[in-house]
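Structural overview for review
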Amino acid sequence: MLVLVALVLVPALAFAHPGHDHHVTGGFLEGLLHPLTGFDHVFAAIAAGVWAFRTGGRAAYALPAAFLGSITLGAGMASLGVHLPVVEPMVALSVIVLGVLVATKARWSQSISLGLLASFGVFHGAAHVSELAAGAGVVGYTTGLLLATAVLLTAGLGLGWATVDRAPVAARLGQAFGAATACAGFVALHLAVFAA
């Protein structure tokens, strides 16, 4: 699982979300690949999966579903021309918060967790769809975006399973991933602030 996560992250580390090309043409394939080129979305989705698994019970399914549903909402809002304020800083903040939650093994109530992930997902969806060129294929693009995010969330669930309350080394690896995620969030925040 760790090798899979590393393979997903390596090509994405060269890009930050604020540096994406702002002439995205849309379509399913581009929607599928686009979120993998920004380390902020990759880290956030995997960390959300880890945190969902650690929260346990129905949350292991409800939290990823809330994240995906709110990405859809944010994407729809952006496609209709609704501009949310401070989108990039909020995306970066989501990476920081999710990293800290994973690193500290935080367990919150399901309702608070759902609200937090849903809030973050709206900004992730808006960030990606706001980069589409006028007249781009929003539906296919968003479908690809959701599928890529679901794969990342599933990788996070697997990482959560592999690191939760197992051997001390595995538990430390999970915490290390959380710390790395938080650090990546600070990098994304720095880039978002200076790109604005």
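Before any of the text, the structure's been laid out above.
Cut-offs used in this document
Residues numbered from 1 in each chain as written. Predicted model: local features only at pLDDT ≥ 70, side-chain atom pairs only at ≥ 80, totals over all residues. Heavy atoms only, no water. Phe/Tyr/Trp six-rings, centres within 6.5 Å; stacked < 30°, edge-to-face > 60°. Helix = DSSP H or I, 4+ residues; strand = E, 2+ residues; numbered from the N terminus. Buried < 20%, exposed > 50% of the residue type's maximum accessible area, 1.4 Å probe, protein only. Patch = residues over 30% accessible without salt bridge, like charges linked within 9 Å, V, L, I, M, F, W, Y side chains within 5 Å. Areas by Shrake-Rupley, 256 points an atom, 1.4 Å probe, with all protein chains shown as cover. Salt bridge = Lys/Arg side-chain N within 4 Å of Asp/Glu carboxyl O. Axes fitted to C-alpha atoms, helices over the stretch in contact; angles between N-to-C directions. Left-handed = near helix turned anticlockwise from the far one by under 90°. Nonpolar A, V, L, I, M, F, W, Y, C, P; charged D, E, K, R; others polar.

Before going further, it helps to spend a moment on the packing of aromatic side chains. All chains considered together, the criterion is met by 2 aromatic pairs. Ring geometry for Phe43 and Phe177: centres 6.0 Å apart, planes at 25°, overall stacked. In this pair, Phe43 is assigned in helix α3 (residues 39–55) and Phe177 in helix α8 (residues 168–195), connecting sequence segments 134 residues apart. By relative accessible area, Phe43 is classed as buried at 6%. Look at Phe177 and you get buried, because its relative accessible area is 10%.

What follows concerns a nonpolar patch on the surface. Side chains of Phe28, Leu29, Leu33, Leu36, Leu147 and Val151 sit close together on the surface and give an oily, nonpolar patch of about 530 Å² of accessible area. For the nonpolar patch, the secondary-structure elements that each account for two or more residues are α2 (28–33) and α7 (138–163). The dominant element in the nonpolar patch, judged by the number of residues it contributes, is α2, at 3 residues. As for its placement among the helices and strands, Val151 is situated in helix α7. According to the relative accessible area criterion, Val151 is exposed, its value standing at 52%.

Contact pair helix α4 (residues 59–79) / helix α6 (residues 110–129): the axes reach a minimum separation of 6 Å and the direction vectors enclose 35°. In this structure, α4 crosses over α6, and the sense of that crossing is right-handed. Residue composition of the contact of α4 with α6, by class: 17 nonpolar, 8 polar and no charged.

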